[in-house]
Amino acid sequence: MLAIEVKNLVKTYSGIDVVKGINLSIEKGSVFGFLGPNGAGKTTTLEMIEGLRKPSQGEIFINGLNTATHLDKVKAIIGVQLQSSILDDRIKVEEAIQLFASFYPKSLPTEYLLELTDLKEKRNSLQKKLSGGQRQRL
């Protein structure tokens, strides 16, 4: 089964195609990367696949689910690590984990997530005091 299938994906802004007819199929268990120069449409393509942007044209399937009609189900099964996220400097690690967990109807226990991310000792630290790697894990 395909993990991701993209058919004729297009994104147009002000009459200009910034993503021009991408087709791809990615098998489950594969590692896939986008390479290209700045402005090539990599981020826009990923944001459409993740459901953060609506395509101007084309279809996207995640585990066989069409994102246009089943986006809630797709969001429940994918995980996205953004390039960066902006959190209030005053939020503590444990509070941030609880905040992100609240975005989903089902989540893992905070204690487990603190252990999983190796942030248990930092639970009461402000996120702005974390190292770069710790912020990524958070």
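Just above sits the structure.
Scoring rules and cut-offs
- Residues numbered from 1 in each chain as written.
- Predicted model: local features only at pLDDT ≥ 70, side-chain atom pairs only at ≥ 80, totals over all residues.
- Heavy atoms only, no water.
- Pairing = 2+ DSSP bridges.
- Helix = DSSP H or I, 4+ residues; strand = E, 2+ residues; numbered from the N terminus.
- Contact = heavy atoms within 4.5 Å.
- Axes fitted to C-alpha atoms, helices over the stretch in contact; angles between N-to-C directions.
- Salt bridge = Lys/Arg side-chain N within 4 Å of Asp/Glu carboxyl O.
- Buried < 20%, exposed > 50% of the residue type's maximum accessible area, 1.4 Å probe, protein only.

Q: What am I meant to see in the sheet that holds strand β3 (residues 57–62) here?
A: Pairing between the strands of a sheet comes from backbone hydrogen bonds, and it takes one of two forms, parallel or antiparallel. Read across the open sheet, the 4 strands follow the order β2-β1-β3-β4; overall the sheet is antiparallel. Looking at strand neighbours, the two that pair on one side only are β2 (16–27) and β4 (65–66), the edges of this open sheet. The sheet contact formed by strand β1 (residues 2–13) and β2 spans 9 bridges and is antiparallel. Directly across from Leu-2, in β2, lies its bridge partner Glu-27. Relative to the sheet, helix α1 (residues 42–50) contacts β1, β2 and β3, its axis offset from that of β1 by approximately 120°.

Q: Explain the pattern of salt bridges here, please?
A: Taken as a whole and judged by the stated rule, the model has 7 salt bridges. Linking Asp-88 and Arg-90 is a salt bridge whose minimum nitrogen-to-oxygen distance equals 2.7 Å. Residue Arg-90 is classed as exposed on the basis of its relative accessible area, which comes to 64%. One salt bridge connects Glu-115 with Lys-120, and the closest N-O pair in it is separated by 3.3 Å. Since its relative accessible area comes to 49%, Glu-115 is described here as partly exposed. Judged by relative accessible area, Lys-120 falls into the partly exposed class, the value being 38%. Taken together, the shared-partner salt bridges connect Glu-94, Glu-111, Glu-115, Lys-120 and Arg-123 into one network.

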